[in-house]
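Analysis of the macromolecular model
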Amino acid sequence: MQHDTIAVIDFGGQYAHLIATKIRRQGVRAEIRQPDDAVDAFDGYRGIIISGSPSLASRGEDSQYTKAIYDLEVPILGFCFGHQELARHCGGQIEHGGREWGKADLHTAAGHPLFRGLDAVEPVWMSHFDSVVSVGPDFEEIGHTISGEAGEHRYAAIGSDSLRRYGFQFHPEVDDTLHGDEMIANFVFEICKCEASWSMEQFLDEQIERVREHVGDRSVFLLASGGVDSTVAAVLLGRAIGPERLHLLHIDNGLMRLHESVDVLRMFTESGLDRNLHFVDASDTFLESLEGLVEPEAKRGKIGDTFVDVFQSEARRLGITHHLLGQGPIYPDTIETGGTKRSETIKTHHNRVPIIQEMIEAGRVVEPLADLYKVEVRELGQRLGIDQQTLSRHPFPGPGLGVRLLCSNGTQDTEGFETIEPQLEELAARFGLKATPLPIRSVGVKADLRAYEHPVLLSGDVDWPVLIDAVSAITAQVPGINRCVWNLEAHHPARATAIEAYVTRERLDVLRKADAIVMEGLRRFGLYDDVWQCPTVLVPLSLTDEPGETVIVRPIRSQRAMTATPVELPPELIGELRDQILKLDGITGLALDVTSKPPGTIEWE
Ligand code: XMP
């Protein structure tokens, strides 16, 4: 191998690719390998990292992999599932239990090279059901957490310096592990002795070359939403194949923000990307296709299929034949759709519906950003000379407000509530809060698995850290709960009632207004750039005796959208949101989503 390289074994944890990216950002090449790759495929690597997985090691799931890797002479480090597998293979024991979600304090072993330069106590990110309960003869504990109700001591990091085998129960690759980059760097440089020789400059050159080869003499027809990803993809493709052969299509799917399409077309024109710029208002087609749908995956699937239909009919109308489909999805879009060999589907992104998968397999799709995360796309955009205002726009999902407009057939989805209500009430009271489970569901992610569970409404005037602690306790301890929202109304409701509501232009118009109020508020309070993203969600849920729906505001901080933490908003801004949003037609409830990811996802569907 030309460059020092680390192999990352993808057990399908959402994080395998993130690990590879984190290593590349240290200037060292990283390649993804599959668990059943023959041992010869691991020749030449300087080290191996075993990723997390949605599988349970305690149940023997996913235990048929190439165990001969453990006989190789290179250092190995396992994360989460990888840590448990490595511990077991090397003589330790694991058990189902001891689960931890979210932030934990890692007490590190003084002087261990993996924690060189770090503090004695480091904040780390956990998401696991199984735990290591004993280690093999050559191993020792190099880090622990104190957790659970009884404050138990848990193995959080183990290692054998003689064997050069290590395991972390936490995820150092996510940004919420404050010094995770340093821990990965310590493994790569101190233990594997790699040298840095990889860069974004090189990535850009390689991509341009790859696009030219793939496209040949054909043209590319790119779906351009105006978001950061498709805009960076447009400029990169233009640079690779020239503006004559690049066609941009902007579709108004009726699920855009207030005045969005007008603003996007202006931005493309001002950026000189208007040579072959096409626009179609397909909002009627999209809204008709969504009529009567409730289930999130059904809505996502329909939006994705309609994009393809509209795209194909526009291509025919414009006489653009012999073309490839250009898309700007980035890595999380692929991984959360189950796009790597072993990842669990959390939600199907609009540009990963089956018909597009078929086109990808037939080599008819170009996606120059499919290996990158948002921070890297922004960095690439800067290199390509795109203006800062465009690059700093919040991410906006392809299915747009379609995944922020929850629907219901009016059923009160309260199965299991009788059992959890007393536990919930007692737990919330410990934090000075009142709690009600909500009779609808939203999408979330727990231990890498999709969770379609209930949110809980919390009411009470408590400080932010207390609120966040309450959310961690509730989502970890109460089964069937993946999200908490904080009531911004003065009174805790006597009941919460799901009401029948589907995708309609009227509801979308109300949501557009609420979203515009939130965005304008964030800008005015100077918070827009500090906040990664802030979905505003319309939920068909009445929290008062009056009929009406509830608006949920979800400001989060994140660096790569793989994990996220909720943002505290200033009381003055909350007051303004309350004044303005509760005046909108048919809105009687307002709450702030205070859940981290995991266990919630950023979007509600
Ligand atoms: P979640 O909700 O899974 O979102 O935490 C992670 C990031 O992905 C965005 N997102 C999408 N982007 N098509 C997209 O282009 C989609 O279908 C889609 N779904 C979620 C989301 O806004 C967040 O930035």
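Everything discussed here concerns the structure shown above.
Summary of the structure given here. Every value quoted in this text rests on a predicted model; they were computed, and no experiment measured them. (Residues numbered from 1 in each chain as written. Predicted model: local features only at pLDDT ≥ 70, side-chain atom pairs only at ≥ 80, totals over all residues. Heavy atoms only, no water.)

**Comments concerning the packing of aromatic side chains**
By the definition in use, this model includes 10 aromatic pairs. Their ring planes at 70° and their centres at 5.2 Å tell us that Phe286 and Phe307 sit as a pair that is edge-to-face. One end of the pair, Phe286, is in helix H7 (residues 283-289); the other, Phe307, is in helix H8 (residues 296-318), with 21 residues separating them in the sequence. Exposure class is identical for Phe286 and Phe307. Each is buried. One aromatic cluster in this structure is built from Phe11, Tyr65, Tyr70 and Phe81. The cationic tip of Arg378 hangs over the ring face of Trp532; the distance from NZ or CZ to the ring centre is 5.5 Å. (Phe/Tyr/Trp six-rings, centres within 6.5 Å; stacked < 30°, edge-to-face > 60°. Helix = DSSP H or I, 4+ residues; strand = E, 2+ residues; numbered from the N terminus. Buried < 20%, exposed > 50% of the residue type's maximum accessible area, 1.4 Å probe, protein only. Lys NZ or Arg CZ within 6 Å of the ring centre and 35° of its normal.)

**Examining the environment of Phe168**
Summarising the element assignment, Phe168 is placed in strand S9 (residues 165-168). The class for Phe168 is buried, based on a relative accessible area of 0%. For the pair Phe168 and Asn487, spaced 319 residues apart in the sequence, the C-alpha separation amounts to 37 Å. Setting aside residues up to four positions removed in sequence, Phe168 forms contacts with Leu77, Gly78, Phe79, Cys80, His83, Leu114, Phe115, Ala156, Ala157 and Met183. (Contact = heavy atoms within 4.5 Å.)

**Considering the sheet that holds strand S3 (residues 47-50)**
Ordered in space as S2-S1-S3-S4-S9-S8-S7-S5-S6, the 9 strands form an open sheet in which the pairing is mixed. Each of the sheet's edge strands pairs with one partner strand only, and the pair in question is strand S2 (29-33) and strand S6 (121-134). When strand polarity is set aside, the average angle formed by the axes of neighbouring strands in this sheet is 30°. Here strand S1 (residues 5-9) runs beside S3; their pairing, made up of 4 bridges, is parallel. Within S3, the residue paired with Ile6 across the bridge is Gly47. Contacts from helix H2 (residues 81-89) reach S3, strand S4 (76-79), strand S5 (93-108), S6, strand S8 (152-160) and S9 within the one sheet, and its direction differs from that of S4 by about 125°. (Pairing = 2+ DSSP bridges. Axes fitted to C-alpha atoms, helices over the stretch in contact; angles between N-to-C directions.)

**Some remarks on unusual backbone geometry**
A cis geometry characterises the amide bond from Lys597 onward to Pro598, with omega recorded as -15°. Relative to the assigned elements, Pro598 resides in the segment after strand S25 (587-593). At the junction of Pro598 and Pro599, the peptide bond is cis and its omega measures out at 10° in the coordinates. Assignment of secondary structure puts Pro599 in the segment after S25. With a phi angle near 60°, Asp62 is a residue other than glycine that sits in the positive phi range. Looking at where Asp62 falls in the secondary structure, it is placed in the loop between S3 and S4. Judged by relative accessible area, Asp62 falls into the partly exposed class, the value being 25%. Here the phi dihedral of Lys193 falls at roughly 60°; this positive angle occurs in a residue that is not glycine. Relative to the elements of secondary structure, Lys193 occurs in the loop between helix H3 (180-191) and helix H4 (200-215).

**Some points on the layout of surface pockets**
Here the second largest pocket is characterised by a volume of approximately 920 Å³. Every residue lining the second largest pocket is counted, 32 residues in all, and those nearest its centre are Trp101, Lys103, Asp469, Ser472 and Ala473. Of all elements in the fold, only S5, strand S7 (140-147), helix H14 (464-477) and strand S24 (565-566) reach the threshold of two or more residues within the lining of the second largest pocket. Residue contributions to the lining of the second largest pocket peak at 9 residues, all from H14. (1 Å grid on protein atoms, 1.4 Å probe; cavity = no way out; pocket = protein on both sides within 12 Å on 5 of 7 lines; lining within 4 Å. Points joined across faces, edges and corners; volume = space filled by probe spheres on them.)

**Some remarks on the sheet that holds strand S11 (residues 246-252)**
Here 5 strands make up an open sheet; going across it, the order is S12-S11-S10-S13-S14 and the pairing parallel. Only two strands of the sheet have a single partner each, and these edge strands are strand S12 (277-281) and strand S14 (365-366). Of the strands in this sheet, strand S10 (219-223) and S11 are in contact with helix H5 (residues 228-241), which crosses S10 at around 170°. Sitting on the sheet, H8 is in contact with S10, S11, S12 and strand S13 (323-326), with an inclination near 135° to S10.

**A few points about H14**
An ideal rise of 1.5 Å per residue puts 20 Å on 14 residues; H14 measures up with 20 Å between its terminal C-alpha atoms. Those residues of H14 that sit buried are Trp464, Leu467, Ala470, Val471, Ala473, Ile474, Thr475 and Ala476. (Expected span 1.5 Å × (residues − 1).)

**Description of the state of the cysteines**
What the rule picks out here adds up to 0 disulfides. With no disulfide of its own, Cys194 has Cys192 as its nearest cysteine by sulfur position, at a separation of 5.3 Å. With a relative accessible area of 7%, Cys194 lands in the buried category. The cysteine Cys534 is free of any disulfide, with Cys484 supplying the nearest cysteine sulfur at 18 Å. (Disulfide = S-S within 2.5 Å.)

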